[in-house]
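Close look at the chain arrangement
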Amino acid sequence: MVFELREDSFLNKVNFDCILIDEAQAIKGDSQRTKAVLYLADRIKHVIPMTGTPIKNKVRDVWNILVAIKHPMTKNGFFSWAMKYCDAHKDYFGWHFDGSSNLEELHAELDKYMIRRLQDDCLDLPEMTVNKIYLELSKSDRIKYDNAFNDYIEYCRTERFR
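Residue numbers restart at each chain and count upward from 1, following the sequence in its written direction. Under the rules for a predicted model, residues below a pLDDT of 70 receive no local features and side-chain atom pairs below 80 are neither given nor counted, while totals for whole chains, interfaces and linings still include all residues. The side-chain values count all of the structure's non-hydrogen atoms but skip hydrogen atoms and water molecules.

1. Let's talk about the overall build of the protein
- Put simply, DSSP H or I for four residues or longer makes a helix, DSSP E for two residues or longer makes a strand, and each gets a number counted from the N terminus. A count of helices and strands for the protein gives 6 helices and 4 strands.
- In the protein, the succession of α and β elements from N to C terminus is β-α-β-α-α-β-β-α-α-α.
- Here the C-alpha atoms of the protein give a radius of gyration of 23 Å, more than 25% beyond the 15 Å that 2.2 N^0.38 yields for 162 residues.
- Oriented by its inertia axes, the alpha-carbon framework of the protein measures out at about 65 × 45 × 40 Å.
- Relative accessibility thresholds used throughout: buried, under 20% of the residue-type maximum; exposed, over 50%; partly exposed, between the two (1.4 Å probe, protein chains only). Sorting the 162 residues of the protein into buried and exposed places 25% on the buried side.
- Within the protein, contacts between residues at least 6 apart in sequence are counted, and of these 54% link residues at least 24 apart. For a compact globule the rule gives 2.2 Å times the number of residues to the power 0.38, and the radius of gyration it is set against comes from C-alpha atoms. Working rule for contacts: check all heavy atoms of both residues, and any pair within 4.5 Å makes them a contact.

See the structure below:
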């Protein structure tokens, strides 16, 4: 993985003991965000990924979360893990890791590291109420607002939807 923080980044100057990764399901693939999170996670002792979104699409999307927490399943690398859990196969175009296999075993292993709570089980919230509050703009603010709105509409017509 090739990722380096800028030398002047405050993240290079502070020694964190723990990192919380909110929306951890977003650290998938090989994006800059993923590289940055994994770079930091590798240097921090305690890593706690959190997500309110189940990972539904591909088993391989779990891999980077496992790497972040330094899970023992990652010690032999992605290819070995993917062969076992992603129904990896090779064809004329190369390797494919989009499937799933040995899911019961994978779930059993992940359950050792995961706490799952359903919203209905842990939130006792009152009915949501919506209060609409309308504010009057001053004449000069209204002109600025209208100009900004019209500029945006023009942008949408010309640039964004070419």
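The rest of the description comes next.
2. A word on the pairing of strand E2 (residues 46-49)
- The rule for pairing is simple: two strands pair if DSSP sees at least two bridges between them. By the bridge criterion, 4 bridges tie strand E1 (residues 18-21) to E2 in an arrangement that is parallel. Pairing of Cys18 across the sheet is with His46, part of E2.

3. Some details on the side chain of Thr34
- By secondary structure assignment, the location of Thr34 is in helix H1 (residues 32-42).
- Polar side-chain contacts of Thr34 include one of 3.0 Å to the backbone oxygen of Lys28.
- Polar contacts, as used here, are pairs of N or O atoms within 3.5 Å; protein pairs need one atom able to donate a hydrogen and one able to accept it. Residues neighboring in sequence count only if both atoms are side-chain atoms. At 3.0 Å, the side chain of Thr34 and the side chain of Ser31 are in polar contact.
- Thr34 has contacts with Ala26, Ile27, Lys28, Gly29 and Asn64, leaving out every residue within four places of it along the chain.

4. Section: a nonpolar patch on the surface
- Like-charged residues within 9 Å of one another, or nonpolar side chains (Val, Leu, Ile, Met, Phe, Trp, Tyr) within 5 Å, are grouped into patches, provided each residue has over 30% relative accessible area and no salt bridge. Here the open area of atoms and residues is found with the Shrake-Rupley method and a 1.4 Å probe, where only the protein chains shown may cover a residue. For this document, the term salt bridge refers to a Lys or Arg side-chain nitrogen within 4 Å of an Asp or Glu carboxyl oxygen. A grouping of Phe10, Val14 and Phe16 is seen on the molecular surface, where their side chains present a nonpolar patch of about 280 Å² in accessible area.
- The residue Phe16 is located in the segment before E1 in this model.

5. Remarks on the side chain of Thr74
- Along the chain, the position of Thr74 falls in the loop between helix H2 (63-68) and helix H3 (77-85).
- In this structure Thr74 touches Trp63, Leu66 and Val67, once residues within four positions along its chain are discounted.

6. A word on helix H4 (residues 103-111)
- Listed as buried for H4 are Leu106, Glu109 and Leu110. The arc that holds the buried residues of H4, viewed along the axis, is 95 degrees, so those residues lie on one side.
- On its buried face, H4 sits against H2 and H3. The arc refers to the directions leading from the helix axis to the C-beta atoms.

7. Observations regarding unusual backbone geometry
- Even without being a glycine, Glu23 presents a positive backbone phi close to 55 degrees.
- Its location among the elements puts Glu23 in the loop between E1 and H1.
- With a relative accessible area of 41%, Glu23 lands in the partly exposed category.
- Even without a glycine there, the phi angle at Lys70 is positive, about 55 degrees.
- Along the chain, Lys70 falls in the loop between H2 and H3.

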